[in-house]
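# Breakdown of the fold
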Amino acid sequence: MERKNVWTGYTKKNLAELEKLNKNYRQFLDKGKTERECVAETIRLAEKAGYRSLPEVMKSGEQVKAGDKVYAAFMEKTIALFHIGTKEIEKGMNILGAHLDSPRLDLKQNPLYEDTELAYLDTHYYGGIKKYQWVTIPLAIHGVVAKKDGTVTNISIGEEEEDPVFCISDLLIHLAGEQMEKKAAKVIEGEALNLLVGNIPLKEEEKDAVKANILKLLKEKYDMDEEDFLSAELEVVPAGKARECGLDRSMILAYGQDDRVCAYTSLEAMLDLKKVKRTACCILVDKEEIGSVGATGMQSRFFENTVAELLNCMGEYSELKLRRLLANSRMLSSDVSAAFDPEFAASFEKKNTAYFAKGIVFNKYTGARGKSSSNDANAEYIADLRRILDKKGVAYQTAELGKVDFGGGGTIAYILALYGMQVIDCGVAVMNMHAPWEITSKADVYEAKRCYTAFLED
Ligand code: MN
Ligand code: MN
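Scope of this entry: the structure provided in the associated data block. (Residues numbered from 1 in each chain as written. Chains lettered and ligands numbered in written order. Predicted model: local features only at pLDDT ≥ 70, side-chain atom pairs only at ≥ 80, totals over all residues. Heavy atoms only, no water.)

## Describing the sheet that holds strand β12 (residues 251-254)
- The strand order across the open sheet formed by 3 strands is β11-β12-β22, and the pairing between neighbours is antiparallel. In the strand order of this sheet, the two ends are held by β11 (243-245) and β22 (438-441), each with one partner. Each strand of the sheet is rotated relative to its neighbour by a mean of 35°, with strand direction disregarded.
- Each of β12 and β22 is contacted by helix α6 (residues 257-272), which is oriented at about 30° to β22, the strand it contacts most. (Pairing = 2+ DSSP bridges. Helix = DSSP H or I, 4+ residues; strand = E, 2+ residues; numbered from the N terminus. Axes fitted to C-alpha atoms, helices over the stretch in contact; angles between N-to-C directions. Contact = heavy atoms within 4.5 Å.)

## Structural notes on the packing of aromatic side chains
- In total, this model carries 9 aromatic pairs according to the counting rule given.
- Their ring planes at 80° and their centres at 6.0 Å tell us that W7 and Y10 sit as a pair that is edge-to-face.
- Since its relative accessible area comes to 24%, W7 is described here as partly exposed.
- With a centroid separation of 5.3 Å and 45° between ring planes, the pair formed by F340 and Y355 is classed as tilted. Of this pair, F340 sits in the loop between β15 (337-338) and β16 (360-363) while Y355 is found in the loop between β15 and β16, placing the two residues 15 residues apart along the sequence.
- An aromatic cluster of at least three residues, connected via ring pairs, comprises W7, Y10 and Y446.
- Its guanidinium or amino end placed over the ring of Y355, K358 lies 5.2 Å from that ring's centre, counting from NZ or CZ.
- Taking the ring centre of Y365 as reference, the NZ or CZ of K371 above it sits at 3.7 Å. (Phe/Tyr/Trp six-rings, centres within 6.5 Å; stacked < 30°, edge-to-face > 60°. Buried < 20%, exposed > 50% of the residue type's maximum accessible area, 1.4 Å probe, protein only. Lys NZ or Arg CZ within 6 Å of the ring centre and 35° of its normal.)

## Points about the layout of surface pockets
- Within this model, the largest pocket holds a volume of roughly 1,100 Å³.
- Mapped onto the lining of the largest pocket, the elements with two or more residues apiece are β15, β19 (408-409) and β20 (422-427).
- Class assignment of the residues belonging to the lining of the largest pocket gives a composition of 15 nonpolar, 16 polar and 8 charged.
- Considered as a void within the structure, the second largest pocket measures approximately 740 Å³ in volume.
- Lining the second largest pocket are 23 residues, and of these M1, K351, N352, Q397 and T398 sit closest to its centre.
- Looking at the lining of the second largest pocket, the elements with two or more residues in it are β16, α9 (379-392) and β18 (396-398).
- Here the element with the most residues in the lining of the second largest pocket is α9; it accounts for 4 residues. (1 Å grid on protein atoms, 1.4 Å probe; cavity = no way out; pocket = protein on both sides within 12 Å on 5 of 7 lines; lining within 4 Å. Points joined across faces, edges and corners; volume = space filled by probe spheres on them. Nonpolar A, V, L, I, M, F, W, Y, C, P; charged D, E, K, R; others polar.)

## Some details on the pairing of β16
- Of the two faces of β16, both are covered, the one formed by I360 and F362 as well as the one formed by V361 and N363.
- As defined by bridge partners, β16 adjoins β18 across 3 bridges and the pair is classed as parallel. Each residue of the ladder has a partner; that of I360, found in β18, is Y396.

## Notes on the coordination of the manganese ion (ligand 1)
- Donor atoms from the polypeptide that bind the manganese ion (ligand 1) are H99 (NE2), D258 (OD), D335 (OD) and D335 (OD), placed at 2.1 to 2.5 Å.
- In the primary structure, the donors to the manganese ion (ligand 1) are separated according to the pattern H-x158-D-x76-D.
- Here the manganese ion (ligand 2) and the manganese ion (ligand 1) are spaced 3.1 Å from one another, each receiving a donor from D258. In this pair, D258 sits in helix α6 while D335 sits in the loop between β14 (330-334) and β15, placing the two residues 77 residues apart along the sequence. (Donors = N, O, S within 2.8 Å, 3.2 Å for Na, K, Ca; no water.)

## With respect to the sheet that holds β20
- Ordered in space as β1-β2-β3-β13-β4-β14-β20-β16-β18, the 9 strands form an open sheet in which the pairing is mixed. The open sheet is flanked by β1 (52-53) and β18, the only strands paired with a single partner.
- In the packing of helix α2 (residues 35-48) onto the sheet, the strands contacted are β2 (69-74), β3 (78-83) and β13 (279-285), and the crossing angle to β3 comes to about 20°.

## Brief notes about the pairing of strand β7 (residues 139-146)
- Counting buried positions along β7 gives 7 out of 8 residues, so the element sits mostly inside the fold.
- In this structure, β7 lies alongside strand β10 (residues 232-238), joined through 7 bridges in antiparallel fashion. From the neighbouring strand, V144 faces β10, where its bridge partner is E233.
- The pairing of β7 with strand β8 (residues 152-157) spans 6 bridges and is antiparallel. For V144, the partnering residue across the bridge sits in β8 and is N154.
- Connecting the antiparallel pair β7 and β8 is a turn made up of 5 residues, with G150 showing a positive phi of about 95°.

## What to know about the pattern of salt bridges
- Inspection of the entire model under this criterion finds 40 salt bridges.
- With its nearest N and O atoms 3.3 Å apart, the salt bridge here joins R324 to E90. Of this pair, R324 sits in helix α8 (residues 319-327) while E90 is found in the loop between β3 and β4 (93-99), placing the two residues 234 residues apart along the sequence.
- The partly exposed category is assigned to R324, whose relative accessible area is 41%.
- Classification of E90 by relative accessible area gives buried; the value is 15%.
- If you follow the salt bridges from partner to partner, you end up with E19, E244, R249 and K442 in one network. (Salt bridge = Lys/Arg side-chain N within 4 Å of Asp/Glu carboxyl O.)

What follows is the structure, given as structure tokens:
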């Protein structure tokens, strides 16, 4: 079962659409380096496309009807969008799901300290990372500081040309004899991920004068005291913009493509919809990288509650209707797949691996070892998806995450499947996933959006 490289089959029109989509995608990545920033940008784009806030519609007492477009965000980190179809909603929705959180380094609650006249911010990594990849690269700080008076300050340092950036140091090679003998997991350990933030001491200060100077700057620039770190969410991410990659510009090199590549293409497909029969829904969630936990992760009742509120706004709420609606729905649960990397060929099984430029990837199952913790999609559902995609000429491939017994991974798919709906894992192939800079193929970004559009319109 050979799959063709899609590039040579594209018309001029295809290529123009592909370039436009990828340019917008890079802008989305630049604007959204945290889940909060992604939700803010999603709201901006949705409102531009005619979406209204569901809580506000609820307040107005207005009834939601076919053709209406509404969204509900929660804690500024997760969002659900609905485009109401003409068909009875109880017959189910077509749902696209993806996650907005990405691996990174979070500042600890009490992060600031001084050692040998250098000031540092201590971090705790979020999600699965190879720690040694995060040293000696320019880093930015994004996030919020919430204060006791109820104000919340947005912070973003390190993205503008004139901004300073931050760095985690590594030992010079000349002295690294002992370090180089260590296992990769131990070369840089979690507790060593300390962000270098300053070296100028504050005059008149005797003890920790460099730290005191940093505190003075934080007060001046952000009106924040050291105690305010206690109620801050500050995320350390690679500094810099998403870039085209390769002499032929065929790829994208950027931070956070897991899973914003699926989130953005799902959102684009959703916002582009004209008129739908089945109600279309797009959910973009937080906390996938740490197990879909918390109020803003997929395991939260937020989604179910929001669908209940939506039904109520349509004048159709009942517990039974809600359950039927969810059970009759079908979903593309999108998360990135591992792209085959010839440099690490031994980790992949070539027949069942995702390749660049061969379209969106379907994973019947994910999980680890004997498919443990996976949502194993139904054959009948896959057959129906084949019908939809072949009819629209969408390029797709099927894959597993590497060789059997080599590792594995989970997604949000199994959580939605608990409602009894049809769910399958799919997404875009990514090279060096979870690294500070990840690579995708522009062609796959394009095919992902085409797939989502075909799915929502069916
Ligand atoms: Mn992911
Ligand atoms: Mn991931």
